[in-house]
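Understanding the architecture of this molecule
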Amino acid sequence: MTESTSALDGASLHTRVDEIFDDILDTLTDLVAIPSVAWPSFDPAAVTANAEAVAALARDLGLDVEILTADTADGTPGYPAVVASAPAPAGAPTVLLYAHHDVQPPGRDEAWDTEPFVATRKGDRLYGRGAADDKAGIMVHLTALRLLADRLGVGVRLFIEGEEEAGSPSFRNFLERHRDKLAADVIVVADSSNWAAGTPALTTSLRGMCALEFEVSTLDHAVHSGMYGGVVPDAMLAMTKVLASLHDDDGAVAVAGLAAVPESPIDYAEATVREDSGVLPGTALIGTGSLASRMWTQPSITVIGLDIPDVDVSSNTLQPSLRAKLSIRLAPGDTPESAVAAVTKHLEDNLPFGATLSIGATEGGSPWQADLDDPAVRVARVALTEAWGTEAVTMGIGGSIPFIADLLEVFPQASILVTGVEDPDARAHSANESLYLPDFKAAIVAEALLLDALGRQGLGTGDKAQDTAAQE
């Protein structure tokens, strides 16, 4: 393909970012100050205010801007998203830039070293809820467009969602309802992580997820543990035995029917995993195989909820029933429906003492694997490498972005690039969330380089097949 203009220089972009960086941080600080938690127990006005703030920033760039919503599957109105656009030059591709403006709840204030909704700079890090996940992603998109104001060679659709941390309940309906406003040749999802501080990564695989609630019952009412203990099986005993059956002695998942894929070509050092996760010195890691495969391409099961009496209010009784919730992470190639069926069968087959099992609510999102031969993937890796000055890594993520599957179903011809500004110490979702500022700068430069290259090369969905033929 013939390039229509000269390529941008990464060094000059870094210089420009440095010149405007105080302004960028001031804007990010203003966004962090808005407690935009899209959960029913929090004030929805904050999410609306945040959408309006992002919309104003997009208008300042000359984009056509709307604040839009869609209903969830049960008819409940969804939270507001910002959709903005600039038309594509003739023959140029259109790129959808995704991020989300809602954030996780802050949790306990005493767990934070700074105020959660006051962006606080300490050295090379900016602390605050949403500073990394994902208000920095918004600023990467907006600042990259700002840098390209006089030479933007692609069409742009900006999609800043307002409920990702709540599970994106209206996302699929939103895509269907506003399909014409979101359709693109390349989709950049700025909501992932890098390999390490100072080392960029393009996320090329994501585990899927499903959640499963179930209840185990052995009695029709609670009875005295002194009178019947040792004879009557209580629900706690039955529950602990069935939960223990989910893993083998190494801590690897012991449920038949869950998919796994081959080992990753890159791996983590055990010391890195321990430092990043905060595993206590005497605690052994679980599972088998390479550490990267355990986190990216093997399934995992975690008990994330258990309804039992608190120790402080416990009484000498045998519990008649207990409810638990599992978080199940799926390897690429699996489906939530298949995983729920496999785990349900395992629970049924391993239920002790003839206890009764009742399956409750389920939810899920599919895993995803990128096509490493996609020309857009190659262009993105070049842009990341130039922006960081360090070879970009293609990596998996143990977490999930369930809406990727929806994007692929609604826009099957689009190339999807998953990027991010986080690093292993960003602590997204936890107390003391932070943004590593050197990587933030590099992410802005990388996206400007990416958009410029896509425009210069005229790279769109039609190039997937053409590119392969051209190289033969």
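This text goes with the structure placed above it.
It should be emphasised that the depicted structure is a prediction, and the values quoted were computed from it without experimental measurement.

Some remarks on the overall build of the protein chain
- Broken down by element type, the protein chain carries 14 helices and 18 strands.
- Against the compact-globule benchmark of 23 Å for 472 residues, the protein chain has a radius of gyration of 24 Å, which places it among compact chains.
- With the principal axes as the frame, the protein chain shows a C-alpha extent of 85 × 50 × 45 Å.
- Taking as baseline every contact in the protein chain between residues at least 6 positions apart, the subset at least 24 positions apart corresponds to 80%.
- Of the roughly 20500 Å² of accessible surface on the protein chain, 50% is carried by carbon and sulfur atoms.
- Taking the average place of the 29 positive charges on the side chains of the protein chain and the average place of its 69 negative ones, the gap between the two points comes to 2 Å.

Side note on the environment of A238
- Tracing the backbone shows A238 in helix α7 (residues 235-244).
- Along the backbone, A238 and V255 are 17 residues apart, and their C-alpha atoms lie at a distance of 18 Å.
- Apart from residues no more than four positions distant in its own chain, A238 is found in contact with V216, T218, P352, F353 and A355.

What about helix α2 (residues 44-60)?
- Given a rise of 1.5 Å per residue, 17 residues ought to cover 24 Å, and the 25 Å separating the end C-alpha atoms of α2 matches this to within 8%.
- For α2, the complete set of buried residues consists of A46, V47, N50, A51, V54, A55 and A58.
- Packed against the buried residues of α2 are α1 (10-32), β1 (64-68), β2 (81-86), α3 (135-147) and β6 (155-161).
- Looking at where α2 begins, the residue whose side-chain oxygen comes 2.9 Å from the main-chain nitrogen of A45 is D43.
- Where α2 terminates, the next one or two residues include G62, which has phi positive at roughly 85°.

Notes on the packing of aromatic side chains
- Enumeration according to the criterion identifies 10 aromatic pairs in this entry.
- Ring geometry for Y98 and F159: centres 5.5 Å apart, planes at 75°, overall edge-to-face. Of the two residues, Y98 is situated in strand β3 (residues 94-100) and F159 in strand β6; the sequence distance between them amounts to 61 residues.
- Look at F159 and you get buried, because its relative accessible area is 1%.
- Within the aromatic cluster, the residues linked to one another by ring pairs are Y98, F159, F171, F174 and F403.
- Taking the ring centre of Y127 as reference, the NZ or CZ of K122 above it sits at 5.6 Å.

Considerations on helix α13 (residues 437-457)
- The end-to-end C-alpha separation of α13 is 30 Å, in line with the 30 Å expected for 21 residues at 1.5 Å each.
- Within α13, 18 of the 21 residues are buried, leaving the element largely enclosed by the surrounding structure.
- Looking one or two residues past α13, G458 carries a phi angle of roughly 60°, positive in sign.

Some words on the pattern of salt bridges
- Evaluated as defined, the whole model comprises 18 salt bridges.
- Between E66 and K181 there is a salt bridge, with the nearest N and O atoms lying 3.0 Å from each other. Highlighted residues: E66 in strand β1 and K181 in helix α5 (residues 179-182), separated in sequence by 115 residues.
- The exposure class assigned to K181 is partly exposed, which follows from its relative accessible area of 33%.
- Linking R456 and D452 is a salt bridge whose minimum nitrogen-to-oxygen distance equals 3.0 Å. Note that R456 and D452 are positioned in helix α13 at a spacing of 4 residues, about one turn of the helix. A single burial state applies to R456 and to D452, both of which are buried.
- Members of the salt-bridge network, linked through shared partners, are R172, E176, R179, D406 and E409.

Calculation notes
Residues numbered from 1 in each chain as written. Predicted model: local features only at pLDDT ≥ 70, side-chain atom pairs only at ≥ 80, totals over all residues. Heavy atoms only, no water. Helix = DSSP H or I, 4+ residues; strand = E, 2+ residues; numbered from the N terminus. Rg over C-alpha atoms; globule rule 2.2 N^0.38 Å. Contact = heavy atoms within 4.5 Å. Areas by Shrake-Rupley, 256 points an atom, 1.4 Å probe, with all protein chains shown as cover. Lys, Arg positive; Asp, Glu negative; His and termini not counted. Charge placed at Lys NZ, Arg CZ, Asp CG, Glu CD. Expected span 1.5 Å × (residues − 1). Buried < 20%, exposed > 50% of the residue type's maximum accessible area, 1.4 Å probe, protein only. Polar contact = N/O pair within 3.5 Å; in protein donor to acceptor, adjacent residues only side chain to side chain. Phe/Tyr/Trp six-rings, centres within 6.5 Å; stacked < 30°, edge-to-face > 60°. Lys NZ or Arg CZ within 6 Å of the ring centre and 35° of its normal. Salt bridge = Lys/Arg side-chain N within 4 Å of Asp/Glu carboxyl O.

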